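# An overview of the molecular structure
What follows is the residue order along each chain.
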Amino acid sequence: MAPKWRELADRIAERIRQEEDGYAPGDRLPHIRNLVADGEGSKSTVHQAYKALEAEGLVTSSRGHGTIVRRRKPLKRLGIERYDKVKWRDGDEVAFIADRVASGRAFKRGDQTQTVSLVDAPADVADAHGLPPGAPVYARARLVKEEGQPTHSLTSYYRPEHVEGTRLVDPTPGPAGKGGGYRVLYDAGYEIDHMKERIFARAATVEDVQLLQLPPGEPVVELHRTTWTADGTVVEFAIGIHAASRFAWEYDFEVPDSAKEVK
C-alpha cells in the first residue's frame, strides 16, 4: 500500500494533467495548511507530497510565490532563424521574442532584465575576443522570465571600444532599444555576419537553482556563442544558462553536400 503522501501526490498530479477542471499551468496549489485543514493529511504528509511533485517536474516552489504548476509545453528555442537580420535589423524581434512568437506565447519587453558591469575578462572570454586574461570587458547579464518564471540567463561580453556609450551598457529592463543588441552593433558599424554556438547539458549549480528557480534534480543547458563581423572581428561572446525542461531546441537547415562545394 502506498504511503499517504504518495496517494496525495498522485491525486494532485492527476488534476494537473487533466485538460479540464484541473490545475492549469501557472496556478498556485493550495497552501499546505489549507490541505491539512481539509483533512488531506498532516503537515508532513502534504509537504512530502509537494516535494514529490516538484521532483517530478510538475510544480515549482519558491519563497514568496508558493507552489506553482509548471508549463507542460516547452518553448521552442529556435536555431538559425532566431538571428534572421529581418527580425532585428528591419523589425523589433530580438532573439528571446522570436522564440516566444514561434511558440505562440505572449511576451513583454520587460520580461528581460539586465545588469551591466565592466569586469576583468575570464579566460574563455579573453580567448574568444583575442585579449589577454583580465583585460577589461563589459558583461551584460540578462535574466529572461515568462509570466514571472525565469527561463534562462544570458551574459554577453563585449570589448569596451565596441559598446562604450551605446545602449548595450544601459541596464534599463528590456532589449537595448528597437532591434536589441545586434541592432546597436549594426548602427555602430559592427554588422554581425556569422556565429558559432556550442551547447551542452550539465548539472545545475547552486547559483543556477537559485537564479532560475529550478526544481530538485533539473539539469541546465549551457550555450556558448561567438559572433563575428564579416572581417573576422569578434563583437560578442555570450554564455547562456537554460532550464532544460523549459526549452525544446529546434533547427531547420539545408543539408550540406561538401562534395559539390569542391567541384
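Residues numbered from 1 in each chain as written. Predicted model: local features only at pLDDT ≥ 70, side-chain atom pairs only at ≥ 80, totals over all residues. Heavy atoms only, no water.

## A short note on the pattern of salt bridges
Spelled out, the test is: Any Lys or Arg side-chain nitrogen located within 4 Å of an Asp or Glu carboxyl oxygen qualifies as a salt bridge. The classification of residues rests on relative accessible area computed with a 1.4 Å probe and restricted to protein chains. Under 20% of the type maximum is buried, over 50% is exposed, and intermediate values are partly exposed. Here a strand is any run of E in DSSP of at least two residues, a helix any run of H or I of at least four, and the numbering for each starts at the N terminus.
Across all of its chains, the model carries 17 salt bridges by this definition. The salt bridge partner of D90 is R89, with a shortest N-O separation of 2.9 Å. Judged by relative accessible area, D90 falls into the partly exposed class, the value being 48%. Notably, a salt bridge pairs D187 with R183, separated by 3.0 Å at the nearest N-O pair. Taken together, the residues D187 and R183, both in helix α8 (residues 180–187) and 4 residues apart, mark about one turn of the helix. A residue is classified by how much of its surface remains accessible, and D187, at 48% relative accessible area, is partly exposed.

## Some details on unusual backbone geometry
Although it is not a glycine, E147 adopts a positive phi angle of roughly 55°. Assignment of secondary structure puts E147 in the loop between β5 (136–146) and β6 (149–158).

## Focus: helix α1 (residues 4–17)
Our working rule: What a helix should span is 1.5 Å times the count of its residues minus one. Contacts are assigned to residue pairs that have any heavy atoms within 4.5 Å of one another.
With 14 residues, α1 extends 20 Å from end C-alpha to end C-alpha; this agrees with the ideal 20 Å at 1.5 Å per step. For α1, the secondary structure elements touched by its buried residues are α2 (32–37), α3 (43–55), β1 (59–62) and β2 (66–69).

## Considering the sheet that holds β6
Convention followed: One bridge is not enough; two strands pair if DSSP finds at least two bridges between them. What counts as an axis is a line fitted to C-alpha atoms, over the stretch in contact for a helix, and the angles between N-to-C directions run from 0 to 180 degrees.
Pairing within the open sheet is antiparallel, and its 6 strands lie in the order β4-β5-β6-β9-β8-β7. At either margin of the open sheet sits one strand with a lone partner, and together these are β4 (112–120) and β7 (192–202). Across the sheet, the mean angle from the axis of one strand to that of its neighbour is 15°, orientation sign disregarded. Those strands touched by helix α5 (residues 95–103) are β4, β5 and β6, and its axis lies near 20° from that of β5.

## Points about a nonpolar patch on the surface
Spelled out, the test is: Put simply, a patch holds well-exposed residues, over 30% relative accessible area, that have no salt bridge, with like charges counted together within 9 Å and Val, Leu, Ile, Met, Phe, Trp or Tyr side chains within 5 Å. Areas reported as accessible are Shrake-Rupley estimates using a 1.4 Å probe. Residue values count occlusion only from the protein chains shown.
On the surface, a nonpolar cluster with roughly 420 Å² of combined accessible area is contributed by I80, I199, Y251 and F253. Position of Y251 relative to the elements: it lies in the loop between β10 (247–250) and α10 (258–261).

## Some details on the packing of α1 against α3
Test applied: Relative orientations are named as follows: roughly parallel for angles under 35 degrees, roughly antiparallel for angles over 145 degrees, roughly perpendicular for angles from 65 to 115 degrees, and oblique for any other angle. For any pair of crossing helices, the crossing counts as left-handed if the nearer helix is rotated counterclockwise from the farther one by less than a right angle, and right-handed if it is rotated clockwise. When residues are sorted by character, Ala, Val, Leu, Ile, Met, Phe, Trp, Tyr, Cys and Pro go into the nonpolar class, Asp, Glu, Lys and Arg into the charged class, and all the rest, Gly among them, into the polar class.
Taken N-terminus to C-terminus, the directions of α1 and α3 make an angle of 50°; their axes are 8 Å apart at the nearest point. Between α1 and α3, the crossing angle belongs to the class labelled oblique. Relative to α3, the crossing made by α1 is right-handed. Of the residues in α3, those in contact with K4, W5, R6, L8, A9, I12 and A13 of α1 are T45, V46, Q48, A49, Y50, A52 and L53. Its residues assigned to classes, the contact of α1 with α3 comprises 10 nonpolar, 2 polar and 2 charged.

## Let's talk about the packing of aromatic side chains
For clarity, the cut-off: Aromatic rings from Phe, Tyr and Trp, with only the six-membered ring used for Trp, were paired whenever their centres fell within 6.5 Å, and each pair was classed as stacked if the ring planes differed by under 30 degrees, edge-to-face if by over 60, and tilted otherwise.
Scanning the model with the defined rule gives 3 aromatic pairs in all. For the pair Y83 and Y182, a centre-to-centre distance of 6.3 Å together with 70° between the ring planes defines the contact as edge-to-face. With Y83 in the loop between β3 (75–78) and α4 (85–88) and Y182 in helix α8, this residue pair connects regions lying 99 residues apart in the sequence. Of the residues examined, Y83 reaches a relative accessible area of 11% and is grouped as buried. Relative to Y182, the ring of W88 has its centre 5.9 Å away and its plane inclined at 55°; by these criteria the two rings are tilted. Placement of the pair is W88 in helix α4 and Y182 in helix α8, with a sequence separation of 94 residues. Residue Y182 is classed as buried on the basis of its relative accessible area of 11%.

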